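# Tertiary structure, described
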Amino acid sequence: MSNKTAEIYNYIAKLYQTSLKSTAEEIEKKRKFLASVHKISNILFYASTTFVVLGIIGFFITNFFISDEATQTILTMLCIFILFINVPISTICGVLKVGLIIYYTKLVKEKLLCKLYQALDKNLKYIPGGFKLPIKYYVFEWIIKMINKNIDEISMLEAQISNLSMLLPRYDHIRIDDVILGNYEGRDIKIIEFSLIERQVYHTSENKIKIKFIETFHGVLFQTTMEKQINTNVFIKLKGSNLKCPRGLEKVTLESNEFEKIFETYSNDQVESRYFLNTTTIQNLIDLNNAGQKTSSYINGNKINLIIHAEEDMFEPDIYKPLDNPNNYFEIIFQAKVILDMITKLKLESKTGL
């Protein structure tokens, strides 16, 4: 464990004792109750859904394979009764378990995590993500967003993503989740967790129009600056990702075979891009990848955009982990720390490269 890591552990432990303990213990009482209700809702949801499926199967078997009218009538009524009882239970439990997670996540982020992120740097501001639904129900989330009083702030954050549209896969909507803004080790930074959502319209076999939403990308945009300013655009794409190369850039072949196996590099200046991607820079990017940080990069002037590819939501509390033990949310803090430490890992203060 590095001195910096130990320092942050100690800081958070001290912060917990001096500022967060009473709040954490108060929320912990609610967490225990919410976790119990969530667990019961889960059990009832899967049990009632199973009965719904069995009821539907039983209904078809009864009507297609049983010829005796009296038996058919009894079994049909039984299947209808099973559906009548279990469909509402399944629906209510499904809504309840999603609602509990939304409520708990909002509570923890607003009461605890806003203070915790300042353990990394007092100049950081944490803006918790808002209301979220499963992607297939995004239309309801979009309507809620339109009437949100913070729409201007959301639009400003979405603009940061839109500015990189030439790199991103197709999308119709941008969903902004958790955001960290401010200054870290003397550099202005933005960390924006986001999803790109595509609206697909298609016709069914009955010639009806259907609309569905799919997630085309999920990750984190990390923006900062470096000392050196370059006079070209450099795009370093993680191989296998669905990002796309901007127009006007051409492939750059580098001498590192290991780097070439992980990334594809594009630029509009072969000479300066190779000068920029010196041996140290290449190794730092390889090390980040080997440490589990799957990133693509777009550099323009002295501006750096690191796009972190993530499969799951980051910075999310777990309803089944006690809050009165700070060890259970250190992981959330260190997700942010790993991103922020790219400033030092990539040597952004260097005037000869990253």
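Look up a bit, the structure's there.
Heads up: these notes are all about the structure in this document. (Residues numbered from 1 in each chain as written. Predicted model: local features only at pLDDT ≥ 70, side-chain atom pairs only at ≥ 80, totals over all residues. Heavy atoms only, no water.)

## Regarding the overall build of the chain
To keep it simple, the criterion reads: By the criteria applied, helices consist of DSSP H or I runs no shorter than four residues and strands consist of E runs no shorter than two, each listed in order from the N terminus. Any residue under 20% of the maximum accessible area for its type is buried, any over 50% is exposed, and the rest in between are partly exposed; the area is computed with a 1.4 Å probe on protein chains only. By definition in these notes, contact holds between two residues if any of their heavy atoms fall within 4.5 Å.
Helices and strands together make up the secondary structure of the chain, namely 9 helices and 9 strands. Projected onto its principal axes, the C-alpha positions of the chain cover 85 × 55 × 40 Å. Residues counted as buried form 46% of the 354 residues belonging to the chain. By sequence separation, contacts in the chain at least 24 residues apart represent 70% of the contacts at least 6 residues apart.

## What about the side chain of Q293?
Secondary-structure assignment places Q293 in the loop between α7 (279-290) and β8 (295-300). In this structure Q293 comes out as buried when scored by relative accessible area, which is 15%.

## Observations regarding the environment of E255
Turning to its location among the elements, E255 is positioned in the loop between β6 (250-252) and α5 (257-262). Sequence separation of E255 and L96 is 159 residues, and the distance between their C-alpha atoms is 55 Å.

## Points about the pairing of β8
Test applied: Strand pairing follows a simple DSSP-based rule, namely that at least 2 bridges must link the two strands.
Across the 6 residues of β8, 5 count as buried, placing the element largely inside the fold. Relative to β8, strand β5 (residues 233-238) is paired through 4 bridges, and the arrangement is antiparallel. What sits directly across from N233, in β8, is N300. Across 6 bridges, the pairing between β8 and strand β9 (residues 303-309) is antiparallel. Note on β9: the bridge partner recorded for S296 is I307. In this antiparallel pair of consecutive strands, β8 and β9, the connection spans 2 residues, and G301 shows a positive phi of 65 degrees.

## Some words on the nonpolar core
The condition that has to hold: Each nonpolar core is a collection of buried residues, namely Ala, Val, Leu, Ile, Met, Phe, Trp, Tyr and Cys, held together in the definition by side-chain atoms within 4.5 Å.
Residues Y117 and I191 are the most contacted members of the largest nonpolar core, which totals 59 residues. The element that contributes the greatest number of residues to this core is helix α1 (residues 3-65), accounting for 8 residues. Those residues within four positions of I191 in sequence are excluded, and the remaining contacts are D178, V179, I180, V220, L221, F222, F315, I339 and L340. The next biggest cluster of nonpolar side chains, apart from the first, holds 21 residues, and it includes L157, L164, I192 and L196.

## Considering the pairing of β9
Burial analysis of β9 places 6 of its 7 residues in the buried class, the great majority of the element. Of the strand pairs in this sheet, strand β4 (residues 209-225) and β9 are connected by 7 bridges, and their pairing is antiparallel. Bridge pairing links V220 to I308 in β9.

## Focus on the packing of aromatic side chains
To describe a pair of aromatic rings, you give the distance between the ring centres and the angle between the ring planes. This is how it is decided: Only Phe, Tyr and Trp rings take part, Trp by its six-membered ring, and two of them pair if their centres are within 6.5 Å. Stacked means planes under 30 degrees apart, edge-to-face means over 60, and tilted covers everything else. Both a distance and an angle decide whether a charge sits over a ring: NZ of Lys or CZ of Arg must be within 6 Å of the ring centre and within 35 degrees of the ring normal.
Enumeration according to the criterion identifies 6 aromatic pairs in this entry. Ring geometry for F59 and F60: centres 6.0 Å apart, planes at 90 degrees, overall edge-to-face. On the basis of relative accessible area, F60 is assigned to the partly exposed category, the value being 46%. Ring geometry for F235 versus Y266: centroids 6.2 Å apart, planes at 25 degrees, classification stacked. Remark: Y266 occurs in strand β7 (residues 263-267) and F235 occurs in strand β5; sequence separation between them is 31 residues. Using a relative accessible area of 15% as the deciding quantity, one classes Y266 as buried. One residue, K97, lies across the ring of F45, its end atom 4.7 Å from the ring centre.

## Some words on α7
The criterion, for reference: Here, expected helix span is obtained from the residue count minus one, scaled by 1.5 Å. Throughout this description, a polar contact denotes any pair of N or O atoms lying within 3.5 Å of each other; where both atoms belong to protein, one of them has to be capable of donating a hydrogen while the other can accept it, and for residues adjacent in sequence the pair is counted only when both atoms sit in side chains.
Here α7 contains 12 residues, and its C-alpha end-to-end distance of 16 Å stays within 8% of the 16 Å for a straight helix at 1.5 Å per residue. Inspection of α7 places T281, I282, N284, L285, I286, L288 and N289 among the buried residues, and these make up the whole buried set. With a side-chain oxygen positioned 3.2 Å from the backbone nitrogen of T280, the residue opening α7 is N278. G292, located one to two residues past α7, shows a positive phi value of around 100 degrees.

## Quick look at a nonpolar patch on the surface
Applicable threshold: Surface patches are defined over residues having more than 30% relative accessible area and no salt bridge, joining like charges when they lie within 9 Å and nonpolar side chains (Val, Leu, Ile, Met, Phe, Trp, Tyr) when within 5 Å. The method behind every accessible area is Shrake-Rupley, applied with a 1.4 Å probe, and residues are considered shielded solely by the protein chains displayed. What makes a salt bridge here is a side-chain nitrogen of Lys or Arg within 4 Å of a carboxyl oxygen of Asp or Glu, nothing more.
A grouping of F51, V53, L54, I56, I57, F60, I61, F64 and F65 is seen on the molecular surface, where their side chains present a nonpolar patch of about 950 Å² in accessible area. Within the secondary structure layout, F65 lies in helix α1.

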